[in-house]
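Examination of the molecular architecture
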Amino acid sequence: MRTTTPRRWRSGSEPATARSDLKLRYLLSLTFTPLFVLATVGFAVWAAVSPVNGAPSRGTLTGFAVACGLLSLFAVVDLVVVIRRRRTEL
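Nothing here was measured: the structure is a model prediction, and the numbers come from that model.

1. What about the overall build of the protein chain?
- Summing up its helical and strand segments, the protein chain has 3 helices and 0 strands in all.
- Counting helices and strands in the order they occur from the N terminus, the protein chain gives α-α-α.
- Once local pairs closer than 6 in sequence are excluded, the contacts in the protein chain between residues at least 24 apart make up 67%.
- If you sum the accessible surface of the protein chain, you get close to 7000 Å²; carbon and sulfur atoms cover 68% of it.

2. Observations regarding helix α2 (residues 22–49)
- Taking 1.5 Å per residue, 28 residues should reach 40 Å; α2 reaches 40 Å between its end C-alpha atoms and fits that length.
- On its buried face, α2 is in contact with α3 (58–89).

3. Describing the packing of α2 against α3
- Where α2 contacts α3, the axes come no closer than 7 Å and their chain directions differ by 155°. As the angle between them shows, α2 and α3 are arranged roughly antiparallel. Handedness of the α2/α3 crossing: left-handed.
- Its residues placed into classes, the contact of α2 with α3 shows 22 nonpolar, 6 polar and 6 charged.

Conventions adopted
- Starting afresh in each chain, residues are numbered from 1 along the sequence in its written order.
- In keeping with the predicted nature of the model, local features appear solely for residues at pLDDT of at least 70, side-chain atom pairs appear and are counted solely at 80 or more, and the whole-chain, interface and lining totals rest on all residues.
- No hydrogens and no water enter the side-chain calculation; it runs on all heavy atoms of the structure.
- Strands are runs of DSSP state E lasting at least two residues, helices are runs of H or I lasting at least four, and both sets are numbered from the N terminus onward.
- Residue contacts are counted whenever heavy atoms from the two residues lie within 4.5 Å of one another.
- Exposure was quantified through the Shrake-Rupley algorithm and a 1.4 Å probe, taking into account, for residues, occlusion by the shown protein chains and nothing else.
- Each residue after the first adds 1.5 Å to the expected span of a helix.
- All axes are obtained by fitting lines to C-alpha atoms, using only the stretch in contact for helices, and the reported angles, taken between N-to-C directions, cover 0 to 180 degrees.
- In this scheme, roughly parallel covers angles under 35 degrees and roughly antiparallel covers those over 145, while 65 to 115 is roughly perpendicular and the rest are oblique.
- Two helices that cross are described as forming a left-handed crossing if the nearer one is turned anticlockwise from the farther one by less than a right angle, and a right-handed crossing if clockwise.
- Each residue gets one of three labels, nonpolar for Ala, Val, Leu, Ile, Met, Phe, Trp, Tyr, Cys and Pro, charged for Asp, Glu, Lys and Arg, and polar for the others, Gly among them.

Written as structure tokens, this is what we have:
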């Protein structure tokens, strides 16, 4: 059974009762998830085909691939959370 939270008017105590803008979070997650996935694949492929003594080094490119992979994971998790919250709250 779904439980919904009632919508409330702003009470003036926004820092304590603030709610996030789910539409904006949905749009940002939907935009940046494929972007970070493509960046992860691009850096990983670039690291695989780069020469050993090339600039940037393979370690740097691998670090960028790992960082983009973590950001894409974060974006996917946020997208799942936003979709779940939109189903229950809206």
